[in-house]
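Working through the structure, step by step
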Amino acid sequence: MTAPPYGLRFDCGRICLDLVATAGGAPDERLTGPGQLAAWLAGAGLVPRGVPLDGVDGRWVVRFRALRDLLSRVVRDELRGRAADADLARLNSAAAAGQPPAPRVVRTADGTLARTLSRPPDCAGLLAAVARDAVGLLTDAGARGQLRECAGEGCRLVYLDTSRGRRRRWCSSEVCGNRERVARHRRKEVEGNRGKEAGENRRKEVEGNRGKEVEGNRGKEVGENRGKEVGERGRRGRPRGRRGKV
Ligand SMILES: [Zn+2]
């Protein structure tokens, strides 16, 4: 499978969360123009591939970004507590503002069945499809219980944890999971090097102290020997003197 263009992602578990995922992270903005939005609409499955999206322009981009920011706020507020009533009202308005085009099944030239739309998609209808998906998510207790915010550093992506043990920590094992594994490996390496350096410094210190001790002992020995010599000389000299005086 080839990676979606423009760094778009469709692995959050819901269309509304995939729209939220078009902002935040690197790059911060992924809906930078009509081309990106058309790619997102096709990637999310809102518009079957092959259906022309000639109508997508800058105004669509502005409206989709606005819905995305609203969804991002509502979902995160609900994760931490409660979304504002005014935001829920805005979401309801978006869900009611248009009618998503009905899907149709058609027989293609090679005999297979393909999905198409009953009419060309319009902006309000597609926005309503995403908003309705969010209403479905927020009011489904099972799905809500699977909502998670990615534990990756600097990643605020929200996704549905449908893993068996419900222990998925990252929006994507390949992206944030891999980044975390690399960071952990680096931290271990740095700690290992720090340990080695500390050991090396300790060794040098011990050797230095040993050197000082040896030097000191040698000094002491020299001093003691000198003292002994002087004493002996004195002892040797004194009797002679005494004898001389007597
Ligand atoms: Zn992440």
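Here we summarise the structure given alongside this text. Fair warning: this is a prediction, and the values are worked out from it, not measured in the lab.

Attention now goes to the overall build of the protein. What the protein contains, in helices and strands, is 7 helices and 4 strands. Its helices and strands taken in sequence order, the protein reads α-α-α-α-β-β-α-α-β-β-α from the N to the C terminus. Taking all 246 residues of the protein together, the buried fraction comes to 22%.

Another aspect to go through is the pairing of strand 2 (residues 113-117). With 5 bridges joining them, strand 1 (residues 103-107) and strand 2 adopt antiparallel strand pairing. In the sheet register, arginine 107 faces strand 2, and the bridge partner there is leucine 113. What sits between strand 1 and strand 2 in their antiparallel hairpin is a turn of 5 residues, with glycine 111 showing a positive phi close to 95°.

Moving on to unusual backbone geometry. We note that arginine 166 has phi near 55°; this positive angle belongs to a residue other than glycine. The class of arginine 166 is exposed, set by 10 C-beta atoms lying within 10 Å.

With that settled, consider the nonpolar core. Residues Cys16, Leu71 and Val130 are the most contacted members of the largest nonpolar core, which totals 39 residues. Looking at this core, the elements that each hand over two or more residues are helix 1 (15-20), helix 2 (34-43), helix 3 (58-80), helix 4 (85-96), helix 5 (123-138) and strand 4 (158-160). Not counting residues up to four positions away in its chain, the partners in contact with valine 130 are Ile15, Cys16, Leu19 and Leu67.

This next bit is on helix 3. Helix length check: helix 3, at 23 residues, gives a terminal C-alpha distance of 33 Å against a target of 33 Å (1.5 Å per residue), a fit within 8%. Turning to helix 3, its buried residues number three or more, namely Trp60, Val61, Phe64, Leu67, Arg68, Leu70, Leu71, Ser72, Val74 and Val75. If you follow the buried residues of helix 3, they end up packed against helix 1, helix 2, helix 4, helix 5, strand 3 (147-149) and strand 4.

Before going further, it helps to spend a moment on the packing of helix 4 against helix 5. Interaxial distance between helix 4 and helix 5 falls to 7 Å at its minimum, and their mutual angle equals 130°. Taken together, the axes of helix 4 and helix 5 lie oblique to each other. Classified by chirality, the crossing of helix 5 by helix 4 is left-handed. Between helix 4, through Leu91, Ala94 and Ala95, and helix 5, the contact on the second element is made entirely by Leu127, Ala128, Ala131, Arg132, Ala134 and Val135. Per-class residue counts for the contact of helix 4 with helix 5 are 8 nonpolar, no polar and 1 charged.

This next bit is on the environment of glycine 154. Positionally, glycine 154 belongs in the loop between strand 3 and strand 4. Overall, the presence of 10 C-beta atoms within 10 Å leaves glycine 154 in the exposed class. With 130 residues separating them in the primary sequence, glycine 154 and glycine 24 have C-alpha atoms 8.7 Å apart.

Rules used throughout
- Residues numbered from 1 in each chain as written.
- Predicted model: local features only at pLDDT ≥ 70, side-chain atom pairs only at ≥ 80, totals over all residues.
- Helix = DSSP H or I, 4+ residues; strand = E, 2+ residues; numbered from the N terminus.
- Buried ≥ 20, exposed ≤ 12 C-beta atoms within 10 Å, placed from the backbone.
- Pairing = 2+ DSSP bridges.
- Core = buried A, V, L, I, M, F, W, Y, C linked by C-beta atoms within 7 Å.
- Contact = placed C-beta atoms within 7 Å.
- Expected span 1.5 Å × (residues − 1).
- Axes fitted to C-alpha atoms, helices over the stretch in contact; angles between N-to-C directions.
- Parallel < 35°, antiparallel > 145°, perpendicular 65-115°, else oblique.
- Left-handed = near helix turned anticlockwise from the far one by under 90°.
- Nonpolar A, V, L, I, M, F, W, Y, C, P; charged D, E, K, R; others polar.

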